[in-house]
Amino acid sequence: MEEDGSKNRWPQRGIARYNKLAMTEYSTHHFQATSSYTVSVGYDKRLYPYDIDGSLAHARMLGHQGIISQGDAGAIVSGLEAVRREIETGLFPWRDDLEDLHMNIEVRLHELIGQPASRLHTARSRNDQVATATRMFVRDAVASMQAGLRGVQDALLGIAERHEGALMPGYTHLQRAQPVLFAHHMLAYFEMFDRDIERFADCGRRANVLPLGSGALAGVPYPLDREWVAKELGFDSISTNSMDAVSDRDYVLEFLAAGATTMMHTSRLAEEIVLWTSQEFGFLRLGMEWVTGSSIMPQKRNPDFAEIARGKTGRVYGSLMGLLTTMKGLPLTYNRDLQEDKEGIFDATDTLLATLEAFAGMLHSAEVDEVRMQHAARDSSLLATDYADYLVAKGVPFRDAHGIVSTLVDIAAERKTTIADLSIEEFQAQSLAFEKDVYEITALASTTARDVPGGTAPNRVTEAMIKARARHNAREASV
Ligand code: ARG
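Residues numbered from 1 in each chain as written. Predicted model: local features only at pLDDT ≥ 70, side-chain atom pairs only at ≥ 80, totals over all residues. Heavy atoms only, no water.

(A) Seen up close, empty space enclosed by the protein. Within the structure shown, the criterion is met by 1 cavity of 30 Å³ or more. Looking at the largest cavity, its volume works out to about 40 Å³. Looking at the largest cavity, the residues that line it are Y50, D51, G54, S55, R124, Q129, T132, A133 and L212. Only α4 (48–64) and α7 (126–162) provide two or more residues apiece to the lining of the largest cavity. No other element matches the 4 residues that α4 contributes to the lining of the largest cavity. (1 Å grid on protein atoms, 1.4 Å probe; cavity = no way out; pocket = protein on both sides within 12 Å on 5 of 7 lines; lining within 4 Å. Points joined across faces, edges and corners; volume = space filled by probe spheres on them. Helix = DSSP H or I, 4+ residues; strand = E, 2+ residues; numbered from the N terminus.)

(B) View of the pairing of strand β1 (residues 167–172). Two elements, β1 and strand β2 (residues 175–181), share 6 bridges in a ladder whose sense is antiparallel. Each bridged residue has a counterpart across the sheet, and for G170 the counterpart in β2 is Q178. In this structure, the hairpin formed by β1 and β2 is closed by a connection of 2 residues, where H173 is found at a positive phi of approximately 55°. (Pairing = 2+ DSSP bridges.)

(C) Structural view of the layout of surface pockets. The calculated volume of the largest pocket comes to roughly 390 Å³. T277, S278, Q279, Q299 and R301 are the residues nearest the centre of the largest pocket, which is lined by 14 residues in total. Roughly 300 Å³ of internal volume is contained in the second largest pocket. For the lining of the second largest pocket, the elements supplying multiple residues, two or more each, are β1, α8 (182–207) and α11 (250–276). Counted by class, the lining of the second largest pocket contains 6 nonpolar, 2 polar and 3 charged residues. (Nonpolar A, V, L, I, M, F, W, Y, C, P; charged D, E, K, R; others polar.)

(D) Molecular detail of the site of the ligand. Around the ligand sit S40, D44, D100, H102, R126, N127, V130, Y334, Q339 and K342, and those are all the residues in its vicinity. Here an oxygen atom of the ligand and a side-chain polar atom of K342 are 2.6 Å apart. Considered on its own, the ligand offers 340 Å² of accessible surface; in the complex 86% of this is hidden by protein. A total of 3 residues in the shell around the ligand trace back to one element, the largest contributor, which is α7. (Near = heavy atom within 4 Å. Polar contact = N/O pair within 3.5 Å; in protein donor to acceptor, adjacent residues only side chain to side chain. Areas by Shrake-Rupley, 256 points an atom, 1.4 Å probe, with all protein chains shown as cover.)

(E) A nonpolar patch on the surface, seen in detail. Residues L217, M243 and L332 make up a contiguous nonpolar surface patch of roughly 290 Å² in combined accessible area. Note that L217 resides in the loop between β3 (209–210) and α9 (226–232). (Patch = residues over 30% accessible without salt bridge, like charges linked within 9 Å, V, L, I, M, F, W, Y side chains within 5 Å. Salt bridge = Lys/Arg side-chain N within 4 Å of Asp/Glu carboxyl O.)

(F) Spotlight on the side chain of S125. With respect to the element layout, S125 can be found in the loop between α6 (101–113) and α7. There is a polar contact of 2.8 Å between the side chain of S125 and the backbone nitrogen of N127. In this view, S125 contacts G215 and A216; residues no more than four positions away in its chain are not counted. (Contact = heavy atoms within 4.5 Å.)

(G) Quick look at the pattern of salt bridges. Here the structure, examined in full by the defined rule, presents 34 salt bridges. With a closest N to O distance of 3.2 Å, R336 and E99 form a salt bridge. You can see R336 sitting in the loop between α12 (304–327) and α13 (341–365) and its partner E99 sitting in the loop between α5 (70–88) and α6, a full 237 residues away along the chain. We classify R336 as partly exposed; its relative accessible area is 34%. The salt bridge partner of R450 is D386, with a shortest N-O separation of 3.0 Å. Here R450, found in the loop between α18 (443–449) and α19 (458–477), pairs with D386, found in helix α15 (residues 384–393); they are 64 residues apart in sequence, far enough to count as distant. For the residue pair R450 and D386, the accessibility class agrees, reading buried in each case. (Buried < 20%, exposed > 50% of the residue type's maximum accessible area, 1.4 Å probe, protein only.)

(H) Main features of the environment of S365. Positionally, S365 belongs in helix α13. Residue class for S365 comes out buried when judged on its relative accessible area of 17%. Note: C-alpha distance between S365 and G287 (78 residues apart in sequence) is 4.9 Å. Not counting residues up to four positions away in its chain, the partners in contact with S365 are R285, L286, G287, E289 and W290. Here M362 takes part through its backbone oxygen, which lies 2.9 Å from a polar atom of the side chain of S365.

(I) Up close: the nonpolar core. Counting 109 residues, the largest nonpolar core has V138, F182, F255 and I273 as the members making the most contacts within it. Of the residues forming this core, the biggest block, 15 residues, is contributed by α7. The contact partners of F255, leaving out residues within four places of it in the chain, are V138, A141, V142, M145, F200, C203, I345 and T349. Judged by nonpolar contacts, the second largest core, of 19 residues, contains Y387, I404, V405 and F427. (Core = buried A, V, L, I, M, F, W, Y, C linked by side-chain atoms within 4.5 Å.)

(J) Inspection of unusual backbone geometry at higher detail. Going from L332 to T333, the amide bond is cis rather than trans, its omega being 5°. By secondary structure assignment, the location of T333 is in the loop between α12 and α13. Of note, the phi angle at H173 is positive, near 55°, even though the residue is not glycine. Locating H173 in the fold gives a position in the loop between β1 and β2. At L174, a position not held by glycine, the phi torsion is positive, near 55°. Of note, L174 is situated in the loop between β1 and β2. Classification of L174 as exposed rests on a relative accessible area of 54%.

(K) Quick look at the packing of aromatic side chains. Throughout the structure, instances matching the rule amount to 14 aromatic pairs. Seen in terms of ring centroids, F137 and F346 are 5.0 Å apart; in terms of plane orientation they differ by 70°. Their pairing is edge-to-face. Within this pair, whereas F137 is found in helix α7, its partner F346 is found in helix α13, the two being separated by 209 residues in sequence. We note that F137, like F346, is buried. Judged by centre distance (5.9 Å) and plane angle (55°), the ring pair of Y171 and F281 falls under tilted. With Y171 in strand β1 and F281 in the loop between α11 and β5 (284–285), this pair connects stretches of sequence that are 110 residues apart. (Phe/Tyr/Trp six-rings, centres within 6.5 Å; stacked < 30°, edge-to-face > 60°.)

Pasting the structure below:
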């Protein structure tokens, strides 16, 4: 009994202590404790340029339309510019008790210009206001992502062009499969990042629709000129359903999905960089600024940037999963849950930009060991398919040829040599279709033979590089 009692006392004391603490916090900091839970200004202040631009356009339009006086509109416009200057010079008095960026700016405007400030929120709700600012943020973030991706593409093209003609083993299952051109491998990533650019463009197009004018959810009872506001803010069009406009965030999801895909692509490249810079592969050496030494092992040149990029992929996926989950059960229209979209977009944007910059830098600094790569590519087991194709050309059915070459691979392995070093008698013992010209099968011949559009034949790869460079230049010129 004694023992049981003493055992039970611990948790009880723990609980009592916990409650007491909680009660103290509750009574002395009740206000902060409850309101800090809903406060977003700590992070949504990042939207200030968009919020101010949106308010400027709204106020001007209210003035033009005679919904407020031109005088009040003018006062609001100059007041908002003063607010912008305060924010940019770090003088703005951010207040947590005002919850979000929108209320902070409106209250400060009132402090600066007085009564006219109270007319800014005419014909507007924070619901269409925040949706507008968020769409503007996404639109700019799309442009930065595309610039970052173009930077990586440029680095990929550069490294491919510097090593035109270099051979390497191509892999499936991380097993040496067939020889390919190193440039072909790099251009594969160029294509992935090219589609990423298009995915962002697509998302940017759908994001570029103006929600302002939707009010809280049902529209507003004022004669707005929404088209004018859209034009002023650079939107392509105005939203066609007020309830949809204030409550959906699919453009954020699309942005995060495009970002997650880009991170997946960079993460695969990161993994190859980690492998290729290892002593086992030794294909690549990164510039000193892109590697880190070990605190205890002096020989180490760790590819930390690549590893961290691979690691950071998780947080971008997390932001996408987080918002999908946040939104899945929300009834129309606006719900405060939607405020949870912001930190994910900000974090994903920052993560992606930093990652893309690191990749451009790493690739620009990378030295390729062509000799080592070429040596690995000359392993004649990579040419097994070519031996089979050789037999096919001499009339042997492909399946039979496959079996014959398998046997040759085994014989070579047993003799600790390569197929190319077997004697003509050993070849002919497996098939009389083999002739002297079997020794013309080499890694270079193997790649040269793959002369189909999209194949690794050197002339095809050169053409692909020229086309990719032209595509890249056209994109650069169009921004
Ligand atoms: N901070 C809010 C958000 O990000 C702004 C909109 C608030 N609207 C409201 N009705 N409480 O979603």
